[in-house]
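# Structure assessment
Here's the letter readout for the chains.
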Protein chains: 2
Amino acid sequence: MEGQRFDGIVPADELRDRLTRLQEAMRPKANGVLIVQKTDLFYYASTVQQGWLYVPAEGQPLLLIFKDYQRACRESSWQRIIEADSPKALPSLLAEQGYRLPEVLGLELDVLPANLFLSYQKIFGDSRIVDISTDIRLLRAVKSPYEIEMIRRAAHCSDQVFAKVPELLAEGRSEVAVAGELEGFARSLGHQGIIRMRMWGGELFYGHLLSGAAAAQPSYLASPTGGDGVSPAVGQGAGLKKIGRNEPILVDYVFALNGYLADHARIFCLGELADDLLAAHQAMLDIQEEVKQQARPGILTGDIYELMVARAAEKGYDQWFMGSGERRIRFTGHGVGLELDEFPFIAKGQKLPLATGMVVALEPKVVIPDRGVVGIENTHLVGSSGLEPLTTSPDTITFL
Amino acid sequence: MEGQRFDGIVPADELRDRLTRLQEAMRPKANGVLIVQKTDLFYYASTVQQGWLYVPAEGQPLLLIFKDYQRACRESSWQRIIEADSPKALPSLLAEQGYRLPEVLGLELDVLPANLFLSYQKIFGDSRIVDISTDIRLLRAVKSPYEIEMIRRAAHCSDQVFAKVPELLAEGRSEVAVAGELEGFARSLGHQGIIRMRMWGGELFYGHLLSGAAAAQPSYLASPTGGDGVSPAVGQGAGLKKIGRNEPILVDYVFALNGYLADHARIFCLGELADDLLAAHQAMLDIQEEVKQQARPGILTGDIYELMVARAAEKGYDQWFMGSGERRIRFTGHGVGLELDEFPFIAKGQKLPLATGMVVALEPKVVIPDRGVVGIENTHLVGSSGLEPLTTSPDTITFL
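Residues numbered from 1 in each chain as written. Chains lettered and ligands numbered in written order. Predicted model: local features only at pLDDT ≥ 70, side-chain atom pairs only at ≥ 80, totals over all residues. Heavy atoms only, no water.

Identification of chain A as Peptidase M24 from Desulfofustis limnaeus is taken from an unreviewed UniProt entry.

So this is what it looks like as structure tokens:
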């Protein structure tokens, strides 16, 4: 059990395919794209070493590395990799390597900090800068067979983590003590620890292990569940509450393997649960089943959201579906891949249609103030006949 | 051992002092500051709930919360807390609450993403926007007695983590399996998991548990040590290497309690180490001792750096001090507080003088390619007679 290593280096043909798609997408709007953000850099160059990938609208990309160059050369199959001292050197290095400076330069303006943006504006003074982030996110939403295999492996590890939970739960243990042991077990399977989110200020530490009323405690996070956290400085996740009998225990954890994520939630209980909680859980499983059939390529993600909200209301859960009150979450699922908040969002008003190869975490949940959370989350692959769950532990509540 | 909770809510008089200092600092350059970043928001409002703290150059601040409002009201002692639907509503909400819109508005441009910056430019169309981040970082560099107590508590927990290491180390165990168990133990003491860094793209998952040659493997991170990591997607930290006999094992871990960090590194060994490694370790302890005496309020941080580099060279370690090659790290210490990369930096060319109440992690290390890392890191309080270590486990190598 001490680690299942795949080397995690992105194959060369995979990188070439990704490059081709990016070049096709950029041509109508930019002559070149400079990729700086860590996740995008890994996606397009198979390395997170500090540097820049310059992608012209036609031809070969250039990987410029500040630190560590040798490591980047081992990790990335791109042929053109050079050292770069500082961002100021980028235009001259590009020129030396035979690249024309772009009239329009695409940058990841959704994540690039303002001071860096202002500094790139000066460095590329003759280029007009445009935001390329939405294009990149749309491209990354559809996973290749290689990526699907990576997410499948992450999901398989996640199944092992969930099989471990019953050994660790005991009345009177704190949420955070159980969380720590479960997380240590996940690390022994090769979990990378870091879970990346794209949205600024989004943070997640493995996920949420929350019991009873604590699970229904809302937080700043764009998530139906919050939790106490160990202090206001984190304000989410497992806290010091002792796990009790006859309350729903939510384990909503992300497994991160070779960069790729699988998102997965189950309910456990020491003892038994009131009938209305059991019924609410079953209602969420029923909604999941219906969506698994309906969610085929071409259907609008906003329509799936509305279907789920309508079904939850019909079943009597409109008040508590995905949270309660004005700030309840207006999504029921989200894409996962290298980041936890990828396209598509199964969310109010979303016009993006599902496509074969998208991977979505679907999470119908009922959040009852002062009592807790029931429901389900699985990571699914979008296929021609609907959703195929990649996380496969039993959807039913585990009673201990 | 199941968690030591202090409630972690920042006291009201502490918030008022911080506000006064920020208002004094902003007056020469801005009429108001809008704080958005999570760490700054916690520092100035005692909450990380999603929202904005508007601080006028004179008078009371206004905390505007999107989610979760009730939670922010419980966590923050500010009197004026209102709900806000979206950033677009900010100018009208400020006006309704009797605030004049600022001619010059300070924002945290070092961390705020470009698209948000461009959107705030439109929303505050009549204000000129300036960067307030350096001012905030300078203010946060000097810790209050309350903050020093919080860091002392984090350091005390860190000492307990380091006392646990010998129980977990065994020949043939992988770095990441040992790391996972140690991290689980840290969680049981109340470790918050998340370690915040200010620099964009900076990531750290607890720290570095690295053995032998793997510890000398450089990475993208602004740190003398890198490590294999479990895959190129993370590219740092513990990997799948098996821990061996007669090699230095570096444990460089951060304890995060109630938002506050203590940074701490020690060397362990199963068996014995070659004499040159023992001598190198002792040399780093000697440099630490000298700096502890010399590093008094008023001395320039750049001068401390030069002193350390000169001493390392005299002792014969110029080739391997703080890394090897062109991209070795040009700092020997850094401020710690709510973030791991706070002011001051004990770094080349730094003009900032030390001041009473600063807290710095000082980390003289020798990094020998293909062999490993020896040296030390402690978190120190700057006092009138030099540095007081807050992390207090024995500085010597622990042989097992």
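A separate point is the overall build of chain A. For chain A, the count of helices and strands is 10 helices and 17 strands. Taking 400 residues into account, the globule formula puts the C-alpha radius of gyration at 21 Å, and chain A, at 22 Å, falls close to it. For chain A, with 400 residues in total, the buried portion stands at 64%. The long-range fraction of contacts in chain A, counting pairs at least 24 apart against all pairs at least 6 apart in sequence, stands at 67%. (Helix = DSSP H or I, 4+ residues; strand = E, 2+ residues; numbered from the N terminus. Rg over C-alpha atoms; globule rule 2.2 N^0.38 Å. Buried < 20%, exposed > 50% of the residue type's maximum accessible area, 1.4 Å probe, protein only. Contact = heavy atoms within 4.5 Å.)

Residue and element names in this part refer to chain A. Entries for chain A in the domain assignment read domain 1 (12-140) and domain 2 (142-399). Each of domain 1 and domain 2 has a C-alpha centre, and the two are 34 Å apart. Contact between domain 1 and domain 2 buries roughly 1,400 Å² in total, counting both sides, with carbon and sulfur atoms accounting for 47%. A per-residue breakdown of the area domain 1 buries against domain 2 is headed by T39, R137 and R140, which together make up 43% of the total. The shortest N-O distance in the salt bridge between D40 and R198 comes to 3.0 Å. Between domain 1 and domain 2 we count 12 residue pairs in polar contact (both at pLDDT 80 or more) in total. Contributions of two or more residues to the side of domain 1 that touches domain 2 are made by α1 (12-26), α2 (38-45) and α6 (133-141). Top element by residues in the side of domain 1 that touches domain 2 is α6. It accounts for 6 residues. Looking at the side of domain 1 that touches domain 2 residue by residue, the class counts come to 6 nonpolar, 4 polar and 8 charged. (Domains from an automatic or database assignment. Buried area = accessible area lost by both parts, 1.4 Å probe. Salt bridge = Lys/Arg side-chain N within 4 Å of Asp/Glu carboxyl O. Polar contact = N/O pair within 3.5 Å; in protein donor to acceptor, adjacent residues only side chain to side chain. Nonpolar A, V, L, I, M, F, W, Y, C, P; charged D, E, K, R; others polar.)

With that settled, consider the sheet that holds strand β9 (residues 260-269) of chain A. All names here are of chain A. Pairing is mixed in the open sheet, where 4 strands are placed in the order β7-β8-β9-β17. The open sheet has two free edges, formed respectively by β7 (207-211) and β17 (398-399), since each of these has just one partner strand. In this structure, β7 lies alongside strand β8 (residues 249-257), joined through 5 bridges in antiparallel fashion. Bridge pairing links S211 to I249 in β8. Each of β8, β9 and β17 touches helix α7 (residues 145-168); the most contacted strand, β9, lies at about 25° to it. (Pairing = 2+ DSSP bridges. Axes fitted to C-alpha atoms, helices over the stretch in contact; angles between N-to-C directions.)

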